[in-house]
Amino acid sequence: MQTLDKLKMDNVKKASSEPESVTIDKSLLLALLEAAKSTSKNHQGQGTELYSLGALEATANFVYIIAAQQEGNGNLEVRCQEYAKFAIKRMESLFKDSLAS
């Protein structure tokens, strides 16, 4: 049986080694991004809209980071930027409207 210290050291060695390369299907990233966009549209005008817009921005940023690591994802990267920008502008608009009322 291994001691706790030995297990901890084994985990440290694994964590410090070179990360493995993971290939992610572009269509799955796109589906994730589109699902977040659809959810934000479904919550538009509701009390949960800000939350869904925050989720859209976070998802777009996550997908962008993954897509940017692989070649041939230029269109996906642009879409991520557009969706994140949309979410931020919509949130700013909602905040301005709330301050005006």
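Everything discussed here concerns the structure shown above.
A. Region of interest: the packing of helix α3 (residues 49–68) against helix α4 (residues 74–100). Across the interface, α3 lies against α4 with an axial gap of 8 Å and an inter-helix angle of 155°. When the interaxial angle is binned, α3 and α4 end up roughly antiparallel. Crossing hand, α3 versus α4: left-handed. Of the residues assigned to the contact of α3 with α4, the class counts are 18 nonpolar, 3 polar and 4 charged.

B. Spotlight on the packing of helix α2 (residues 26–42) against α4. The N-to-C vectors of α2 and α4 enclose an angle of 15°; their axes lie 11 Å apart at closest approach. As summarised for this structure, α2 and α4 are arranged roughly parallel, according to the angle between their axes. Read as a crossing pair, α2 and α4 show a hand that is left-handed. Residue-level contacts link Lys26, Leu29, Leu30, Leu33, Glu34, Lys37 and Ser40 of α2 to Leu76, Arg79, Cys80, Tyr83 and Phe86 of α4. Its residues assigned to classes, the contact of α2 with α4 shows 7 nonpolar, 1 polar and 4 charged.

About the cut-offs
Residues numbered from 1 in each chain as written. Predicted model: local features only at pLDDT ≥ 70, side-chain atom pairs only at ≥ 80, totals over all residues. Heavy atoms only, no water. Axes fitted to C-alpha atoms, helices over the stretch in contact; angles between N-to-C directions. Helix = DSSP H or I, 4+ residues; strand = E, 2+ residues; numbered from the N terminus. Parallel < 35°, antiparallel > 145°, perpendicular 65-115°, else oblique. Left-handed = near helix turned anticlockwise from the far one by under 90°. Nonpolar A, V, L, I, M, F, W, Y, C, P; charged D, E, K, R; others polar. Contact = heavy atoms within 4.5 Å.

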